[in-house]
Amino acid sequence: MNIDTIIFYAAAGILTVISLIKSRQKTKMAFKKAWRAFENILPQFISIMIIVGVVLALLNPAAISRIIGAQSGWLGVLLASVVGAVTLIPGFVAFPTAALLLNGGAGYMQIGAFVSSLMMVGTVTLPVEFKYFGVKASLLRNALAFAFAFVAAFVLGAVMGEIW
(Lines give C-alpha, C1' and ligand atoms only; values in the text may rest on other atoms or scores of the structure.)
Protein backbone atom coordinates (compact mmCIF):
# COMPACT_ATOMS: atom_id res chain seq x y z
CA MET A 1 0.00 0.00 0.00
CA ASN A 2 1.49 3.32 -1.03
CA ILE A 3 1.49 6.53 0.98
CA ASP A 4 -1.29 8.17 -1.08
CA THR A 5 -3.65 5.33 -0.27
CA ILE A 6 -2.81 5.54 3.42
CA ILE A 7 -3.42 9.30 3.41
CA PHE A 8 -6.81 8.91 1.69
CA TYR A 9 -7.94 6.17 4.08
CA ALA A 10 -6.77 8.19 7.09
CA ALA A 11 -8.58 11.31 5.84
CA ALA A 12 -11.77 9.30 5.21
CA GLY A 13 -11.56 7.79 8.69
CA ILE A 14 -10.96 11.13 10.41
CA LEU A 15 -13.76 12.85 8.49
CA THR A 16 -16.13 9.97 9.30
CA VAL A 17 -15.38 10.33 13.00
CA ILE A 18 -15.95 14.10 12.78
CA SER A 19 -19.26 13.45 10.99
CA LEU A 20 -20.30 10.94 13.67
CA ILE A 21 -19.51 13.45 16.41
CA LYS A 22 -21.40 16.22 14.64
CA SER A 23 -24.52 14.18 13.79
CA ARG A 24 -24.78 10.48 14.40
CA GLN A 25 -28.19 10.34 12.66
CA LYS A 26 -27.06 12.07 9.45
CA THR A 27 -23.93 9.93 9.28
CA LYS A 28 -26.00 6.77 9.68
CA MET A 29 -28.36 7.98 6.93
CA ALA A 30 -25.38 8.74 4.65
CA PHE A 31 -24.00 5.25 5.17
CA LYS A 32 -27.40 3.74 4.30
CA LYS A 33 -27.58 5.82 1.09
CA ALA A 34 -24.02 4.86 0.19
CA TRP A 35 -24.80 1.18 0.76
CA ARG A 36 -27.89 1.37 -1.47
CA ALA A 37 -25.86 3.08 -4.19
CA PHE A 38 -23.21 0.39 -3.86
CA GLU A 39 -25.86 -2.33 -4.16
CA ASN A 40 -27.24 -0.67 -7.31
CA ILE A 41 -23.80 -0.34 -8.91
CA LEU A 42 -22.49 -3.77 -7.93
CA PRO A 43 -24.31 -5.81 -10.62
CA GLN A 44 -22.98 -3.53 -13.39
CA PHE A 45 -19.50 -3.65 -11.94
CA ILE A 46 -19.48 -7.42 -11.61
CA SER A 47 -20.91 -7.99 -15.09
CA ILE A 48 -18.34 -5.69 -16.73
CA MET A 49 -15.51 -7.33 -14.79
CA ILE A 50 -16.75 -10.76 -15.89
CA ILE A 51 -16.92 -9.64 -19.52
CA VAL A 52 -13.44 -8.12 -19.34
CA GLY A 53 -12.16 -11.24 -17.58
CA VAL A 54 -13.59 -13.50 -20.27
CA VAL A 55 -12.16 -11.28 -23.02
CA LEU A 56 -8.75 -11.30 -21.34
CA ALA A 57 -8.96 -15.09 -20.92
CA LEU A 58 -9.95 -15.65 -24.57
CA LEU A 59 -7.57 -13.10 -26.04
CA ASN A 60 -3.97 -13.52 -25.08
CA PRO A 61 -1.80 -10.41 -24.70
CA ALA A 62 -0.54 -10.83 -28.27
CA ALA A 63 -4.10 -10.68 -29.65
CA ILE A 64 -5.01 -7.67 -27.52
CA SER A 65 -1.80 -6.01 -28.62
CA ARG A 66 -2.63 -6.70 -32.29
CA ILE A 67 -6.14 -5.27 -31.96
CA ILE A 68 -5.60 -2.28 -29.66
CA GLY A 69 -1.91 -2.39 -28.85
CA ALA A 70 0.60 0.34 -29.58
CA GLN A 71 1.42 -1.35 -32.91
CA SER A 72 -2.22 -1.11 -34.05
CA GLY A 73 -1.66 2.62 -34.53
CA TRP A 74 -4.48 4.96 -35.46
CA LEU A 75 -6.68 2.09 -36.65
CA GLY A 76 -6.57 0.71 -33.10
CA VAL A 77 -7.31 4.20 -31.76
CA LEU A 78 -10.33 4.44 -34.07
CA LEU A 79 -11.58 0.99 -33.02
CA ALA A 80 -11.10 1.74 -29.32
CA SER A 81 -12.83 5.12 -29.61
CA VAL A 82 -15.83 3.63 -31.44
CA VAL A 83 -16.18 0.88 -28.83
CA GLY A 84 -15.95 3.51 -26.09
CA ALA A 85 -18.52 5.73 -27.79
CA VAL A 86 -21.17 3.01 -28.03
CA THR A 87 -20.55 1.49 -24.59
CA LEU A 88 -22.27 2.67 -21.43
CA ILE A 89 -19.94 1.94 -18.52
CA PRO A 90 -19.66 4.07 -15.38
CA GLY A 91 -16.31 5.72 -14.66
CA PHE A 92 -15.57 3.62 -11.61
CA VAL A 93 -15.69 0.55 -13.86
CA ALA A 94 -13.99 2.13 -16.89
CA PHE A 95 -10.70 2.92 -15.20
CA PRO A 96 -10.08 -0.56 -13.71
CA THR A 97 -11.11 -1.98 -17.10
CA ALA A 98 -8.55 0.27 -18.79
CA ALA A 99 -5.87 -0.91 -16.33
CA LEU A 100 -6.71 -4.55 -17.08
CA LEU A 101 -6.50 -3.90 -20.81
CA LEU A 102 -3.18 -2.07 -20.44
CA ASN A 103 -1.81 -5.00 -18.46
CA GLY A 104 -3.14 -7.28 -21.19
CA GLY A 105 -1.16 -5.54 -23.92
CA ALA A 106 -3.28 -2.56 -25.03
CA GLY A 107 -1.52 0.65 -26.02
CA TYR A 108 -1.76 3.94 -24.15
CA MET A 109 -3.12 5.83 -27.15
CA GLN A 110 -5.82 3.24 -27.68
CA ILE A 111 -6.83 3.17 -24.02
CA GLY A 112 -6.82 6.98 -23.93
CA ALA A 113 -9.20 7.07 -26.88
CA PHE A 114 -11.36 4.33 -25.36
CA VAL A 115 -11.72 5.99 -21.96
CA SER A 116 -12.15 9.49 -23.41
CA SER A 117 -14.92 8.46 -25.78
CA LEU A 118 -16.46 6.24 -23.11
CA MET A 119 -16.72 9.12 -20.64
CA MET A 120 -17.64 11.91 -23.04
CA VAL A 121 -19.54 10.46 -26.00
CA GLY A 122 -23.11 9.48 -25.26
CA THR A 123 -24.31 7.36 -28.16
CA VAL A 124 -26.57 5.31 -25.90
CA THR A 125 -27.88 8.39 -24.13
CA LEU A 126 -28.48 10.48 -27.27
CA PRO A 127 -32.31 10.29 -27.06
CA VAL A 128 -32.20 11.85 -23.59
CA GLU A 129 -29.77 14.52 -24.78
CA PHE A 130 -32.02 15.30 -27.75
CA LYS A 131 -34.90 15.85 -25.36
CA TYR A 132 -33.05 18.26 -23.05
CA PHE A 133 -30.46 19.94 -25.28
CA GLY A 134 -31.91 19.58 -28.77
CA VAL A 135 -30.66 17.55 -31.71
CA LYS A 136 -28.14 20.07 -33.03
CA ALA A 137 -26.46 20.77 -29.69
CA SER A 138 -26.36 17.07 -28.78
CA LEU A 139 -24.84 16.01 -32.09
CA LEU A 140 -22.30 18.84 -31.94
CA ARG A 141 -21.32 18.00 -28.37
CA ASN A 142 -20.90 14.31 -29.18
CA ALA A 143 -18.93 15.02 -32.37
CA LEU A 144 -16.57 17.35 -30.53
CA ALA A 145 -16.19 14.84 -27.70
CA PHE A 146 -15.41 12.08 -30.21
CA ALA A 147 -12.81 14.31 -31.88
CA PHE A 148 -11.32 15.10 -28.47
CA ALA A 149 -10.78 11.36 -27.89
CA PHE A 150 -8.24 11.48 -30.73
CA VAL A 151 -6.57 14.54 -29.21
CA ALA A 152 -6.34 12.72 -25.88
CA ALA A 153 -4.91 9.66 -27.65
CA PHE A 154 -2.31 11.80 -29.43
CA VAL A 155 -1.24 13.52 -26.21
CA LEU A 156 -0.99 10.21 -24.36
CA GLY A 157 0.95 8.70 -27.24
CA ALA A 158 3.37 11.61 -27.25
CA VAL A 159 3.83 11.57 -23.48
CA MET A 160 4.26 7.79 -23.28
CA GLY A 161 6.60 7.67 -26.28
CA GLU A 162 4.29 5.70 -28.58
CA ILE A 163 4.30 8.34 -31.33
CA TRP A 164 7.93 9.40 -31.62
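All of these numbers come straight from a predicted model, not from anything done at the bench. (Residues numbered from 1 in each chain as written. Predicted model: local features only at pLDDT ≥ 70, side-chain atom pairs only at ≥ 80, totals over all residues. Heavy atoms only, no water.)

What follows deals with the packing of aromatic side chains. Counted by the stated rule, this structure contains two aromatic pairs. Their ring planes at 40 degrees and their centres at 5.4 Å tell us that Trp35 and Phe38 sit as a pair that is tilted. Separated by three residues within a single helix, Trp35 and Phe38 lie in helix α2 (residues 24-58), roughly one turn from each other. Ring geometry for Phe146 versus Phe150: centroids 5.4 Å apart, planes at 75 degrees, classification edge-to-face. A residue pair is termed a helical-turn pair when its members lie 3 or 4 positions apart in one helix, as Phe146 and Phe150 do in helix α8 (residues 135-159) at four residues. Residue class for Phe150 comes out partly exposed when judged on its relative accessible area of 22%. (Phe/Tyr/Trp six-rings, centres within 6.5 Å; stacked < 30°, edge-to-face > 60°. Helix = DSSP H or I, 4+ residues; strand = E, 2+ residues; numbered from the N terminus. Buried < 20%, exposed > 50% of the residue type's maximum accessible area, 1.4 Å probe, protein only.)

What follows concerns the pattern of salt bridges. Counted by the stated rule, this structure contains one salt bridge. Across the pair Arg141 and Glu129 runs a salt bridge, and its minimum N-O distance is 2.7 Å. In this pair, Arg141 is assigned in helix α8 and Glu129 in helix α7 (residues 126-133), connecting sequence segments twelve residues apart. Residue classification places Arg141 among the partly exposed positions, given a relative accessible area of 35%. (Salt bridge = Lys/Arg side-chain N within 4 Å of Asp/Glu carboxyl O.)

Before going further, it helps to spend a moment on the nonpolar core. Ile68, Ile89, Ala106 and Ile111 are the most contacted members of the largest nonpolar core, which totals 15 residues. Among the elements of the structure, α2, α3 (61-68), α5 (91-103) and α6 (108-120) are those that each provide at least two residues to this core. If we ignore the near neighbours within four places in the chain, the residues touching Ala106 are Ile64, Ile68, Gly69, Leu101 and Ile111. (Core = buried A, V, L, I, M, F, W, Y, C linked by side-chain atoms within 4.5 Å. Contact = heavy atoms within 4.5 Å.)

Our focus in this paragraph is a positive patch on the surface. On the surface, Lys28, Lys32, Lys33 and Arg36 cluster together to form a positively charged patch. For Lys33, the position within the fold is in helix α2. By relative accessible area, which is 52% here, Lys33 ends up exposed. (Patch = residues over 30% accessible without salt bridge, like charges linked within 9 Å, V, L, I, M, F, W, Y side chains within 5 Å. Areas by Shrake-Rupley, 256 points an atom, 1.4 Å probe, with all protein chains shown as cover. Lys, Arg positive; Asp, Glu negative; His and termini not counted. Charge placed at Lys NZ, Arg CZ, Asp CG, Glu CD.)

Mean pLDDT over the chain stands at 89; residues scoring 70 or higher make up 99%. Per-element confidence in the chain is highest for α8, whose mean pLDDT is 96, and lowest for α3, whose mean pLDDT is 80. (pLDDT = per-residue confidence, 0-100.)

As a further point, take the packing of helix α4 (residues 73-86) against α6. Packing of α4 against α6 leaves a shortest axis separation of 7 Å and a crossing angle of 25 degrees. One element, α4, and the other, α6, form an angle in the roughly parallel class. Of the two possible hands of crossing, α4 and α6 adopt the one that is right-handed. Here Gly73, Trp74, Gly76, Val77, Ala80, Ser81, Val83, Gly84 and Ala85 of α4 come into contact with α6, specifically with Met109, Gln110, Ala113, Phe114, Ser117 and Leu118. When its residues are assigned to classes, the contact of α4 with α6 shows nine nonpolar, six polar and no charged. (Axes fitted to C-alpha atoms, helices over the stretch in contact; angles between N-to-C directions. Parallel < 35°, antiparallel > 145°, perpendicular 65-115°, else oblique. Left-handed = near helix turned anticlockwise from the far one by under 90°. Nonpolar A, V, L, I, M, F, W, Y, C, P; charged D, E, K, R; others polar.)

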